[in-house]
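Results of the structural survey
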Amino acid sequence: MAYVVTEACIRCKYTDCVTVCPVDCFHEGPNFLVIDPDECIDCMLCVPECPVDAIYADDDVPADQRHFIALNAELAANPEWKPITLQKPPLPDAAQWAQVRDKFDQLDRG
């Protein structure tokens, strides 16, 4: 099992989660974070740190978000999506986007 970042992170990119990860499995894109499933050790430390509740165990990802399991693996393997280990400020309009649903079309794959 691995943890998965889902749609709620898009256009927010809060990075509170990366500071608690003991294996540095988060990768950063322009407006989204992903978890490398091959690096994740299932510690779940990141889950309570996410202010928008975007992180789930892969077995618990809501049905309408299941495509994010493969997306996390795909984007974590993209060399343009670099590992992130230090907290950064969220995107400037993160508060606006935090409660928006159905924002997959806003994902910037870089």
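Use the structure listed above.
Worth saying up front: this structure is predicted, and the values here are computed from it rather than measured.

**Description of the nonpolar core**
Counting 36 residues, the largest nonpolar core has V5, F26, F32, I35, V52 and I55 as the members making the most contacts within it. Every element with two or more residues in this core is listed here: β1 (3-5), β3 (33-35), β4 (55-57), α1 (67-76) and α2 (94-97). The element contributing the most residues to this core is α1, with 4 residues. Setting aside residues no more than four positions away along its own chain, V52 makes contact with A8, C9, C12, Y14 and A98.

**Here we look at the environment of V23**
Mapped onto the fold, V23 is located in the loop between β1 and β2 (26-28). Distance in space between the C-alpha atoms of V23 and D108 is 25 Å, their sequence separation being 85 residues. With sequence-adjacent residues up to four places away left out, V23 is seen in contact with E39, C40 and I41.

**Brief notes about the pattern of salt bridges**
Enumeration over the complete set of coordinates arrives at 4 salt bridges. Across the pair E74 and R109 runs a salt bridge whose closest N-O atoms are separated by 2.8 Å. With E74 in helix α1 and R109 in the segment after α2, this residue pair connects regions lying 35 residues apart in the sequence. A relative accessible area of 45% places E74 in the partly exposed class. Overall, the relative accessible area of 38% leaves R109 in the partly exposed class.

Analysis parameters
- Residues numbered from 1 in each chain as written.
- Predicted model: local features only at pLDDT ≥ 70, side-chain atom pairs only at ≥ 80, totals over all residues.
- Heavy atoms only, no water.
- Core = buried A, V, L, I, M, F, W, Y, C linked by side-chain atoms within 4.5 Å.
- Buried < 20%, exposed > 50% of the residue type's maximum accessible area, 1.4 Å probe, protein only.
- Helix = DSSP H or I, 4+ residues; strand = E, 2+ residues; numbered from the N terminus.
- Contact = heavy atoms within 4.5 Å.
- Salt bridge = Lys/Arg side-chain N within 4 Å of Asp/Glu carboxyl O.

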